[in-house]
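Spelled out, the chains give:
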Amino acid sequence: MRKRTVNKYELSNLIAERWSPRAFDPQKKIENRTMMSLIEAARWAPSAFNEQPWRFMVGHRGDPTFDKILSTLVEWNQQWAKNASVLVLNIGKKTFTKNGKKNVVFKYDVGQAVAFMLVEAMHHGIISHEMSGFDPEKASEIFKIPADYQPLSVTAFGYYGNSSDLSPELKELEFATRKRKNINDIAFGKMFGDCFKE
Ligand SMILES: Cc1cc2nc3c(=O)[nH]c(=O)nc-3n(C[C@H](O)[C@H](O)[C@H](O)COP(=O)(O)O)c2cc1C
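Residues numbered from 1 in each chain as written. Predicted model: local features only at pLDDT ≥ 70, side-chain atom pairs only at ≥ 80, totals over all residues.

Q: Give a detailed account of the overall build of the protein, specifying residues and quantitative values.
A: Across its full length, the protein holds eight helices and four strands. In sequence order, the secondary structure elements of the protein are arranged as α-α-β-α-α-β-α-β-α-β-α-α. Against the globule reference of 16 Å for 198 residues, the protein gives a C-alpha radius of gyration of 18 Å, in line with a compact fold. Counting only C-alpha atoms, the protein reaches 55 × 50 × 30 Å along its principal axes. (Helix = DSSP H or I, 4+ residues; strand = E, 2+ residues; numbered from the N terminus. Rg over C-alpha atoms; globule rule 2.2 N^0.38 Å.)

Q: Break down the site of the ligand for me, citing the residues and quoting the values.
A: As a structural note, the neighbourhood of the ligand is formed by Trp19, Ser20, Asn77, Glu130, Met131, Ser132, Gly133, Ser153 and Arg178. Broken down by class, the residue content of the shell around the ligand amounts to two nonpolar, five polar and two charged. (Near = placed C-beta within 6 Å. Nonpolar A, V, L, I, M, F, W, Y, C, P; charged D, E, K, R; others polar.)

Q: Account for unusual backbone geometry, naming residues and giving values.
A: Negative phi values dominate among residues other than glycine, just as trans dominates among peptide bonds. In this structure, Phe49 takes a positive phi of about 55 degrees despite not being glycine. With respect to the helices and strands, the residue Phe49 is situated in the loop between helix H2 (32-43) and strand E1 (54-60). For Phe49, a count of 13 C-beta atoms within 10 Å gives the class partly exposed. Positive phi, normally seen in glycine, also occurs at Gln52, with a value near 50 degrees. Following the sequence through the fold, Gln52 ends up in the loop between H2 and E1. (Buried ≥ 20, exposed ≤ 12 C-beta atoms within 10 Å, placed from the backbone.)

Q: Could you give me a rundown of the nonpolar core, with the residues and numbers involved?
A: Counting residues in each nonpolar core, the largest one holds 38 residues, and the members touching the most others are Ala42, Leu87, Met117 and Phe157. Where this core is concerned, the elements lending two or more residues are H2, E1, helix H3 (64-72), helix H4 (75-81), strand E2 (86-93), helix H5 (106-123) and strand E4 (149-158). Tallying contributions element by element places H5 first for this core, with eight residues. Each residue touching Met117, except ones within four places of it in the same chain, is listed here: Leu38, Ala41, Ala42 and Thr155. (Core = buried A, V, L, I, M, F, W, Y, C linked by C-beta atoms within 7 Å. Contact = placed C-beta atoms within 7 Å.)

Q: Pulling in residues and values, what's your account of the pairing of E2?
A: Counting buried residues in E2 gives seven out of eight residues, a clear majority hidden from the surface. Pairing of E1 with E2, which is carried by seven bridges, proceeds in the antiparallel orientation. In the sheet register, Arg55 faces E2, and the bridge partner there is Ile91. Where E2 lies against E4, eight bridges are found, and the strand directions are antiparallel. What sits directly across from Leu87, in E4, is Ala156. (Pairing = 2+ DSSP bridges.)

Q: Can you break down the sheet that holds E2 residue by residue, with the values?
A: Either a parallel or an antiparallel arrangement is found when strands of a sheet pair, and the pairing is made through backbone hydrogen bonds. What the four strands build is an open sheet, ordered E1-E2-E4-E3; its pairing is antiparallel. Two strands close off the open sheet at either side, each with one partner strand: E1 and strand E3 (127-131). Strand-to-strand twist across the sheet, computed as the mean angle between neighbouring axes with direction ignored, equals 25 degrees. Note: E3 against E4, five bridges, orientation antiparallel. Within the sheet, the bridge partner assigned to Glu130 lies in E4 and is Thr155. (Axes fitted to C-alpha atoms, helices over the stretch in contact; angles between N-to-C directions.)

Q: I'd love a proper account of the environment of Val154, names of residues and values included.
A: Within the secondary structure, Val154 is located in strand E4. According to the C-beta neighbour criterion, Val154 is buried, with 26 such atoms within 10 Å. Between the C-alpha atoms of Val154 and Leu89, which are 65 residues apart in sequence, the distance is 4.5 Å. Discounting chain neighbours no more than four positions away, the residues touching Val154 are Ile69, Leu73, Leu87, Val88, Leu89, Asn90, Met131 and Phe134.

In C-alpha coordinates:
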(Lines give C-alpha, C1' and ligand atoms only; values in the text may rest on other atoms or scores of the structure.)
Protein backbone atom coordinates (compact mmCIF):
# COMPACT_ATOMS: atom_id res chain seq x y z
CA MET A 1 0.00 0.00 0.00
CA ARG A 2 1.22 3.50 -0.79
CA LYS A 3 0.93 6.48 1.51
CA ARG A 4 3.12 8.98 -0.26
CA THR A 5 3.81 12.34 1.39
CA VAL A 6 1.86 15.41 0.34
CA ASN A 7 4.91 17.59 -0.16
CA LYS A 8 5.05 21.20 -1.26
CA TYR A 9 8.68 20.95 -2.35
CA GLU A 10 10.49 18.30 -4.34
CA LEU A 11 11.46 15.12 -2.51
CA SER A 12 13.30 11.95 -3.51
CA ASN A 13 11.10 8.84 -3.67
CA LEU A 14 13.15 7.20 -0.91
CA ILE A 15 11.78 9.82 1.50
CA ALA A 16 8.40 10.48 -0.11
CA GLU A 17 7.36 6.82 -0.25
CA ARG A 18 8.52 5.85 3.25
CA TRP A 19 5.91 5.47 5.95
CA SER A 20 5.41 3.22 8.97
CA PRO A 21 3.10 0.34 8.02
CA ARG A 22 1.93 -2.48 10.29
CA ALA A 23 0.72 -4.98 7.67
CA PHE A 24 3.93 -6.99 7.25
CA ASP A 25 3.89 -10.10 5.05
CA PRO A 26 4.49 -13.08 7.38
CA GLN A 27 5.63 -15.28 4.45
CA LYS A 28 8.49 -13.11 3.19
CA LYS A 29 12.10 -13.17 4.30
CA ILE A 30 14.78 -10.53 3.86
CA GLU A 31 17.92 -11.99 2.34
CA ASN A 32 20.84 -11.75 4.72
CA ARG A 33 22.86 -9.95 2.06
CA THR A 34 20.15 -7.29 1.75
CA MET A 35 20.01 -6.92 5.52
CA MET A 36 23.76 -6.40 5.50
CA SER A 37 23.27 -3.48 3.08
CA LEU A 38 21.01 -1.87 5.65
CA ILE A 39 23.65 -2.31 8.35
CA GLU A 40 26.25 -0.97 5.93
CA ALA A 41 24.09 2.16 5.48
CA ALA A 42 23.99 2.67 9.25
CA ARG A 43 27.73 2.14 9.42
CA TRP A 44 28.31 5.10 7.12
CA ALA A 45 26.20 7.56 9.08
CA PRO A 46 28.02 10.59 10.55
CA SER A 47 28.59 10.76 14.31
CA ALA A 48 30.18 13.07 16.87
CA PHE A 49 33.97 12.56 16.87
CA ASN A 50 33.24 9.59 14.60
CA GLU A 51 32.48 7.55 17.72
CA GLN A 52 29.88 5.44 15.88
CA PRO A 53 28.01 4.67 19.11
CA TRP A 54 25.45 2.43 17.38
CA ARG A 55 25.19 -1.31 17.93
CA PHE A 56 22.51 -3.59 16.52
CA MET A 57 21.04 -6.94 17.55
CA VAL A 58 19.61 -8.41 14.35
CA GLY A 59 17.01 -11.18 14.38
CA HIS A 60 15.44 -12.85 11.33
CA ARG A 61 11.94 -14.30 11.87
CA GLY A 62 12.33 -17.93 12.92
CA ASP A 63 15.60 -17.45 14.78
CA PRO A 64 15.94 -17.10 18.59
CA THR A 65 17.16 -13.48 18.40
CA PHE A 66 13.96 -12.45 16.62
CA ASP A 67 11.83 -14.12 19.32
CA LYS A 68 13.87 -12.50 22.08
CA ILE A 69 13.53 -9.00 20.59
CA LEU A 70 9.80 -9.63 20.03
CA SER A 71 9.39 -10.60 23.70
CA THR A 72 10.68 -7.15 24.77
CA LEU A 73 7.97 -5.31 22.80
CA VAL A 74 4.76 -4.09 24.42
CA GLU A 75 1.75 -6.20 23.44
CA TRP A 76 0.41 -3.48 21.16
CA ASN A 77 3.55 -3.69 19.04
CA GLN A 78 3.89 -7.48 19.28
CA GLN A 79 0.54 -8.07 17.58
CA TRP A 80 1.81 -6.74 14.26
CA ALA A 81 5.64 -6.79 14.62
CA LYS A 82 5.55 -10.59 14.89
CA ASN A 83 4.96 -10.65 11.12
CA ALA A 84 8.06 -8.59 10.30
CA SER A 85 10.88 -10.38 8.49
CA VAL A 86 13.58 -8.84 10.67
CA LEU A 87 13.59 -7.11 14.05
CA VAL A 88 16.55 -4.95 14.99
CA LEU A 89 17.27 -3.80 18.52
CA ASN A 90 19.03 -0.42 18.28
CA ILE A 91 21.58 0.15 21.04
CA GLY A 92 23.76 3.15 21.88
CA LYS A 93 27.10 3.45 23.67
CA LYS A 94 26.85 6.15 26.34
CA THR A 95 30.54 7.14 26.60
CA PHE A 96 33.37 8.01 24.24
CA THR A 97 35.74 5.10 23.76
CA LYS A 98 38.91 7.25 23.61
CA ASN A 99 38.49 8.98 27.02
CA GLY A 100 35.48 7.43 28.80
CA LYS A 101 33.69 10.80 28.92
CA LYS A 102 29.91 11.02 28.65
CA ASN A 103 28.72 11.28 25.05
CA VAL A 104 25.71 13.59 25.28
CA VAL A 105 24.79 13.04 21.64
CA PHE A 106 24.88 9.23 21.48
CA LYS A 107 21.10 8.97 21.05
CA TYR A 108 21.21 11.60 18.30
CA ASP A 109 23.87 9.58 16.47
CA VAL A 110 22.07 6.25 16.84
CA GLY A 111 18.83 7.84 15.59
CA GLN A 112 20.69 9.14 12.59
CA ALA A 113 22.17 5.71 11.81
CA VAL A 114 18.71 4.14 12.11
CA ALA A 115 17.32 6.76 9.71
CA PHE A 116 20.05 5.79 7.23
CA MET A 117 18.90 2.15 7.51
CA LEU A 118 15.30 3.13 6.84
CA VAL A 119 16.24 5.05 3.72
CA GLU A 120 18.49 2.22 2.45
CA ALA A 121 15.59 -0.17 3.14
CA MET A 122 13.40 1.90 0.81
CA HIS A 123 16.03 1.50 -1.90
CA HIS A 124 15.58 -2.29 -1.56
CA GLY A 125 11.76 -2.14 -1.51
CA ILE A 126 11.73 -2.93 2.21
CA ILE A 127 9.26 -1.31 4.60
CA SER A 128 10.12 -0.39 8.17
CA HIS A 129 8.49 0.65 11.42
CA GLU A 130 10.38 2.05 14.41
CA MET A 131 9.24 1.38 17.97
CA SER A 132 10.02 2.81 21.38
CA GLY A 133 7.29 0.66 22.92
CA PHE A 134 9.58 -1.98 24.36
CA ASP A 135 11.27 -2.86 27.64
CA PRO A 136 14.93 -1.73 27.53
CA GLU A 137 15.80 -3.37 30.89
CA LYS A 138 14.47 -6.70 29.66
CA ALA A 139 16.46 -6.30 26.43
CA SER A 140 19.66 -5.56 28.39
CA GLU A 141 19.12 -8.63 30.51
CA ILE A 142 18.26 -11.01 27.67
CA PHE A 143 21.20 -10.00 25.49
CA LYS A 144 23.69 -9.36 28.32
CA ILE A 145 24.19 -5.77 27.16
CA PRO A 146 26.97 -4.05 29.19
CA ALA A 147 25.99 -1.13 31.47
CA ASP A 148 27.71 1.40 29.20
CA TYR A 149 25.25 0.60 26.41
CA GLN A 150 21.56 1.53 26.28
CA PRO A 151 18.86 -0.19 24.21
CA LEU A 152 17.04 2.71 22.52
CA SER A 153 14.45 1.33 20.12
CA VAL A 154 13.41 -1.58 17.94
CA THR A 155 12.90 -1.45 14.16
CA ALA A 156 10.72 -3.88 12.24
CA PHE A 157 11.73 -4.52 8.61
CA GLY A 158 9.92 -6.56 5.98
CA TYR A 159 7.63 -6.50 2.98
CA TYR A 160 4.10 -5.21 2.68
CA GLY A 161 1.45 -7.87 3.26
CA ASN A 162 -2.32 -7.67 3.46
CA SER A 163 -3.93 -4.79 5.36
CA SER A 164 -7.20 -6.74 5.66
CA ASP A 165 -5.43 -9.15 8.06
CA LEU A 166 -5.05 -6.33 10.61
CA SER A 167 -7.40 -5.87 13.58
CA PRO A 168 -10.03 -3.10 13.09
CA GLU A 169 -8.04 -0.80 15.39
CA LEU A 170 -4.79 -1.31 13.46
CA LYS A 171 -6.57 -1.08 10.12
CA GLU A 172 -7.85 2.37 11.02
CA LEU A 173 -4.29 3.54 11.71
CA GLU A 174 -3.02 1.87 8.56
CA PHE A 175 -5.38 3.93 6.42
CA ALA A 176 -5.17 7.16 8.43
CA THR A 177 -3.83 10.22 6.63
CA ARG A 178 -0.19 10.96 7.39
CA LYS A 179 0.11 14.32 9.12
CA ARG A 180 2.98 16.76 9.49
CA LYS A 181 3.53 20.24 10.87
CA ASN A 182 3.86 23.03 8.32
CA ILE A 183 7.33 24.14 7.24
CA ASN A 184 6.65 27.52 8.91
CA ASP A 185 6.21 25.76 12.25
CA ILE A 186 9.58 23.99 12.17
CA ALA A 187 11.99 26.21 10.23
CA PHE A 188 12.67 29.77 11.39
CA GLY A 189 14.41 32.83 10.02
CA LYS A 190 15.50 35.82 12.11
CA MET A 191 14.42 34.60 15.58
CA PHE A 192 13.19 31.33 17.01
CA GLY A 193 9.51 31.06 16.19
CA ASP A 194 9.64 33.65 13.40
CA CYS A 195 8.12 32.60 10.14
CA PHE A 196 10.71 31.28 7.73
CA LYS A 197 10.62 32.96 4.35
CA GLU A 198 9.81 30.05 2.04
C1 LIG B 1 11.50 6.67 17.98
C2 LIG B 1 10.16 6.19 17.45
C3 LIG B 1 9.35 5.41 18.24
C4 LIG B 1 8.15 4.92 17.75
N5 LIG B 1 7.43 4.03 18.51
C6 LIG B 1 6.35 3.41 17.99
C7 LIG B 1 5.72 2.34 18.70
O8 LIG B 1 6.15 1.93 19.78
N9 LIG B 1 4.63 1.77 18.13
C10 LIG B 1 4.14 2.17 16.91
O11 LIG B 1 3.15 1.58 16.46
N12 LIG B 1 4.75 3.15 16.19
C13 LIG B 1 5.84 3.78 16.70
N14 LIG B 1 6.51 4.75 15.96
C15 LIG B 1 6.02 5.14 14.63
C16 LIG B 1 5.47 6.56 14.61
O17 LIG B 1 4.21 6.58 15.22
C18 LIG B 1 5.42 7.08 13.15
O19 LIG B 1 6.71 7.16 12.63
C20 LIG B 1 4.75 8.46 13.06
O21 LIG B 1 3.39 8.38 13.42
C22 LIG B 1 4.84 9.06 11.68
O23 LIG B 1 4.26 8.20 10.74
P24 LIG B 1 5.05 7.78 9.39
O25 LIG B 1 6.35 7.15 9.84
O26 LIG B 1 4.12 6.79 8.72
O27 LIG B 1 5.27 9.01 8.60
C28 LIG B 1 7.71 5.27 16.45
C29 LIG B 1 8.55 6.08 15.65
C30 LIG B 1 9.74 6.53 16.14
C31 LIG B 1 10.64 7.35 15.24
